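# Survey of secondary and tertiary structure
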Amino acid sequence: SLGLQTEVIGRHIHYEETVDSTQKIAARLAFEGAPEGTVVVAEEQTAGRGRLSRIWHSPKGTGVWMSIILRPAIPVQQAPQLTLLAAVSVAQAIEQVTGLSVGIKWPNDILIGGKKAVGILTELQADPDQVNAVIIGIGVNVNQQREHFAEEILPIATSLAIEAGTAFPRASLMQAVFLQLEKLYKEYLTNGFGIIKLLWESYAISIGREITARTVTSTIVGTAKGITEEGVLLLEDRDGRIHAIHSADIEI
Ligand code: BTN
């Protein structure tokens, strides 16, 4: 047993050995009416999905590959807040379990020593302006060693074990994520995004720095000024114009 201390997150866990993507399974369950807090977790994904149509390597038994269903009663424009909330929860959980210090690159890459250890992907089911379900996909590189990573991603990717020099039980990490996520989610539902925004900013490593944002349609170089109340990134270009970035690849 995971020894759960949560009331909502992780009360229903679908544990799978091998799946194409936990995100796909969770989306189906959500569509069929699965309750908030339902989690799909797999030992291995054969077609793990990343942001911006990338693939996410999910080798057997090395990481936490999971998708969590939430059903907040919020308008669609506020959904990015949940992405940032998830990133803060995972950052807190990793610090608790490993003692490593982590940073967040907008919107939700978790970096350790400048390399990515966690990716988060949130997908929405909306109907049509109100959120029906948010599927939060979390991939944590936990116990991979260097040889698990392809040569070309070694400079940018890492795992908790590589950074800490020791392996970690994946169940402890999952439990810590559930607990932090539940705490922050309750705070969010009760008091809104205020505290979560502050927490996110305390982990942010891109704010105040010059970054390059590649969106689907353009590339903008500028200084990251902060995030809005809705979780959108504000970028000031060299001409002093402010751009609101909803989705992009960020290079620091
Ligand atoms: C990113 O591109 O940084 C996001 C990666 C998200 C990976 C996780 S692993 C569990 C869940 N299932 C998927 O197919 N993707 C997410």
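Residues numbered from 1 in each chain as written. Predicted model: local features only at pLDDT ≥ 70, side-chain atom pairs only at ≥ 80, totals over all residues.

### Brief notes about the site of the ligand
For the record, the criterion: Any residue whose backbone-placed C-beta atom lies within 6 Å of a molecule or strand is treated as near that molecule or strand. Each residue receives one of three labels: charged for Asp, Glu, Lys and Arg, nonpolar for Ala, Val, Leu, Ile, Met, Phe, Trp, Tyr, Cys and Pro, and polar for the others, Gly being one of them.
The local shell around the ligand holds 21 residues, among which Ser-21, Gly-50, Gly-119, Gly-137 and Gly-139 are the closest. Residue classes in the shell around the ligand are distributed as six nonpolar, 11 polar and four charged.

### With respect to the domain arrangement of the chain
In plain terms, the rule: Bear in mind that the domain bounds are from an automatic or database domain assignment. Residues are scored as being in contact if the C-beta atoms we place from backbone atoms lie within 7 Å.
Domain boundaries in the chain define domain 1 (13-203) and domain 2 (210-251). Relative to domain 2, the C-alpha centre of domain 1 lies at a distance of 23 Å. At the interface, 11 residues of domain 1 touch nine residues of domain 2. Per-class residue counts for the side of domain 1 that touches domain 2 are five nonpolar, four polar and two charged.

### Focus on the sheet that holds strand 8 (residues 210-214)
Short version of the rule: What makes two strands pair is DSSP finding at least two bridges between them. Elements are defined by DSSP. Helices are runs of H or I of four residues or more, strands are runs of E of two residues or more, and each kind is numbered from the N terminus. Axis geometry follows a simple rule: fit a line to the C-alpha atoms, using only the stretch in contact for helices, then measure angles between N-to-C directions, giving values from 0 to 180 degrees.
Strand order in the open sheet formed by five strands is 11-10-9-8-12, with antiparallel pairing between adjacent strands. Only two strands of the sheet have a single partner each, and these edge strands are strand 11 (242-245) and strand 12 (249-251). Adjacent strand axes in the sheet meet at a mean angle of 45° when their direction is disregarded. Pairing geometry for strand 9 (residues 219-227) and strand 10 (residues 233-237), over five bridges, is antiparallel. Paired with Ala-224 across the strands is Leu-235, a residue of strand 10.

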